[in-house]
Each structure stands twice: as structure tokens, then as C-alpha cells.
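Coordinate inspection notes
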Amino acid sequence: MKIDPSQLGPKENYLLLISAIVPRPIAFVSTQGRGGALNLAPFSFFMGVSTDPPTVAISVGRRKGEKKDTSQNIADTGEFVVNVVDESVAKRMVQSSGDFPPDVDEFAITGLTPAPSERVRPPRVAECKVSLECREVLTVLVGRKKQSLILGQILMIHVDDAILDGGVIDTSKLRPIGRLGGSNYSRTRDIIEMLRPQIDPNPPPKDP
Ligand SMILES: Cc1cc2nc3c(=O)[nH]c(=O)nc-3n(C[C@H](O)[C@H](O)[C@H](O)COP(=O)(O)O)c2cc1C
């Protein structure tokens, strides 16, 4: 079957896209409003986009045409923290994703603990094993609905000592979860290793 997205409505395209691009890591994003109100919400349109300097991107849609609290707070303050979602915080992550008004603190709603960040004002989530303190470097408004594609440079990385092994994070200890289509999620317990092919940069000349 071929599907022309221009023939689908926005909701159909959304449902198709989020079930096609799977599994997606989940950025659990903490921000603060201009007046200091805390905010926490998950975003799975999330990826790393550069390593020098380390930079991530999140894509935040709109609610009834208005910016969501996360994109509004980042526009106002230029700062956010991406906390990586693992099995231990998965339920509370979903709980935080309700359409709460801007003055509602999702740390309080979920019982998660704000821990001080070092380079930005918004706190990180103490229960998360990996947190990335970010400064906004660029926001692009994408598409007819002006979805905010926000690029943030990572200024500080927090990693739980217990999951760090020789400078890399042990996935089996982190136990991250991924977002699938609809309301489905995946665990990361069935890991396979596959080595890339080694190509000789100076292959011997071929016989004529
Ligand atoms: C796992 C998960 C992933 C989500 N990913 C996104 C996303 O990538 N972009 C988006 O705009 N909303 C996403 N949402 C919905 C937001 O979390 C939701 O709209 C939330 O209320 C936004 O909060 P805020 O207004 O405090 O920013 C996601 C929800 C869940 C549960």
C-alpha cells in the first residue's frame, strides 16, 4: 500500500507517523516559567543532532493553537533539562503528560523530586539516572501548526555512577523505555550486538 500524507488529516498522519517511527526515546523535560513555576512533561520527538558541542533536539507541538508550557518556558528562559525515562519512572512520566494548566507543577503531581541543576535554572529529576542540562541554541517553527523544533546545547551531563561503565552508559542497568504507536511502550531488555564492517582504507592493488 502507498499512502500519500497529503490525503490524510493531521490526526491520521500523527497516528501513522508515531507508529512508524519506533521505538522512540523519551525526553522528560523540566523547565521553569518566567516567574519560577516548575514544569515537567515528556516528549518523544527527541534526538541527538550533534556531538561537538553535544546538542539535542525536541519537537513540541501546540495545544489549541497555543504553545505548550514547555515550549513557552524555553522561549521565555532559554533553558531546559532532558531527563532520560527508564522503567522506574515510566508511570509517573505518563502521569505528568496530562493537559495541566501552566501553574500546575508536575513534580508535585507525580511526586518526583526536583534536584538542583548546575548550569541552568530548571531542576533535574532526581529519580532519573541520566539528565542533560541544556541551553536553547535555535528554535525553528515547523509546518502549518508551527511545531517548535528546539535545539539545545548540553552544558552538563548527570549520570548515576551505578550505570556508568568505562565512560559509557550500560543500557541493561539504565533500562530505558521507548514510545511506540498509540499508548504502547517498549522495554530495552532484549539487546543484540552487531559489529560494523571494517573496511581496509588501503586495499592491496588488484591483479591487472
Ligand atoms: C510518551 C509521550 C511522548 C510525548 N511526546 C510528545 C512530543 O514529542 N511532542 C509533543 O508536543 N507532545 C508530546 N507528548 C504530549 C505532551 O507530553 C503533553 O502535551 C504535555 O501535556 C505537554 O506538557 P506542557 O504543556 O507542560 O509542556 C507526549 C506524551 C507522552 C506520554
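The rules we used
Numbers given to residues run from 1 along each chain, matching the order in which its sequence is written. Under the rules for a predicted model, residues below a pLDDT of 70 receive no local features and side-chain atom pairs below 80 are neither given nor counted, while totals for whole chains, interfaces and linings still include all residues. As a rule here, side-chain values cover all heavy atoms of the structure and leave hydrogens and water aside. Note on conventions: DSSP H or I runs of at least 4 residues are helices, E runs of at least 2 residues are strands, and numbering of each starts at the N terminus. Only protein chains enter the accessibility calculation, which uses a 1.4 Å probe; a residue is then buried when its area is under 20% of its type maximum, exposed when over 50%, and partly exposed in between. For this analysis, residues touch if any pair of their heavy atoms sits within 4.5 Å. Note on charges: Lys and Arg go in the positive column, Asp and Glu in the negative column, and His and the chain ends are not counted at all. Think of each charge as sitting on NZ of Lys, CZ of Arg, CG of Asp or CD of Glu. Pairs of strands are assigned from DSSP output, requiring at least two bridges between the strands. With axes taken as lines fitted to C-alpha atoms, and helix axes fitted only over the stretch in contact, angles between N-to-C directions fall between 0 and 180 degrees. In the sections that follow, a salt bridge refers to a side-chain nitrogen of Lys or Arg positioned within 4 Å of a carboxyl oxygen of Asp or Glu. Note on terminology: near, applied to a residue and a molecule or strand, indicates that one of the residue's heavy atoms is within 4 Å of it. We define a polar contact as two N or O atoms separated by no more than 3.5 Å, with the added condition that, inside protein, one atom must be a possible hydrogen donor and the other a possible acceptor, whereas residues neighbouring each other in sequence contribute only through side-chain atom pairs. Here the accessible surface of atoms and residues is derived via Shrake-Rupley with a 1.4 Å probe, and residues count as covered only by protein chains that are part of the display. Asp, Glu, Lys and Arg are counted as charged, while Ala, Val, Leu, Ile, Met, Phe, Trp, Tyr, Cys and Pro are counted as nonpolar; the rest, among them Gly, fall into the polar class. Each patch is built from residues lacking any salt bridge and having more than 30% relative accessible area; the joining distance is 9 Å for like charges and 5 Å for nonpolar side chains (Val, Leu, Ile, Met, Phe, Trp, Tyr).

Digging into the overall build of the protein chain
- Looking only at helices and strands, the protein chain features five helices and 15 strands.
- If you line up the protein chain on its principal axes, its C-alpha atoms span 75 × 50 × 30 Å.
- When the 208 residues of the protein chain are sorted by exposure, 36% land in the buried category.
- Across the protein chain, the fraction of contacts at a sequence separation of at least 24, relative to all contacts at a separation of at least 6, is 61%.
- In the protein chain, the 26 positive side-chain charges and the 25 negative ones have mean positions that sit 7 Å from each other.

Focus on the sheet that holds strand β2 (residues 38–43)
- Sheet architecture is open: seven strands sit in the order β2-β1-β7-β10-β11-β4-β3, paired in antiparallel fashion. Sheet topology places β2 and β3 (46–51) at the edges, where each strand pairs with a single neighbour. Along the sheet, successive strands turn relative to each other by an average axial angle of 35°, direction set aside.
- One ladder, built from five bridges, connects β3 with strand β4 (residues 54–60); its direction is antiparallel. Bridge pairing links F46 to I58 in β4.
- Here helix α2 (residues 69–77) sits on the sheet in contact with β1 (27–32), β2, β4, β7 (79–84), β10 (130–142) and β11 (147–159), set at roughly 50° to β1.

With respect to the pattern of salt bridges
- Scanning all chains against the criterion turns up seven salt bridges.
- The partner of D86 in a salt bridge is K129, with the nearest N and O atoms 3.3 Å apart. Note that D86 is positioned in the loop between β7 and α3 (90–95) and K129 in the loop between β9 (124–125) and β10, a separation of 43 residues in sequence.
- You can call D86 buried: its relative accessible area is 1%.
- Across the pair E87 and R175 runs a salt bridge whose closest N-O atoms are separated by 3.8 Å. Of this pair, E87 sits in the loop between β7 and α3 while R175 sits in the loop between α5 (171–174) and β14 (178–179), and the two are 88 residues apart along the sequence.
- For R175, a relative accessible area of 37% corresponds to the partly exposed category.
- Residues joined in a network through salt bridges with shared partners are E87, R175, R187 and R189.

Quick notes on the site of the ligand
- Lining the immediate surroundings of the ligand are 20 residues, of which N39, P42, G61, R63 and T70 lie closest.
- Contacts to the ligand include G61, whose backbone N or O atom sits 2.7 Å from an oxygen atom.
- Surface burial for the ligand is 90%, taken as the share of its 640 Å² of free accessible area covered by protein chains.
- Secondary structure elements with two or more residues in the shell around the ligand: β2, β4 and α2.
- Its residues placed into classes, the shell around the ligand shows seven nonpolar, seven polar and six charged.

Things to note about α2
- The complete set of buried residues in α2 reads D69, T70, S71, N73 and I74.
- Of the residues one or two after α2, G78 is the one with positive phi, at around 75°.

Describing a nonpolar patch on the surface
- A grouping of V137, L138, V140 and V142 is seen on the molecular surface, where their side chains present a nonpolar patch of about 300 Å² in accessible area.
- Residue placement: V140 occurs in strand β10.
- You can call V140 partly exposed: its relative accessible area is 35%.

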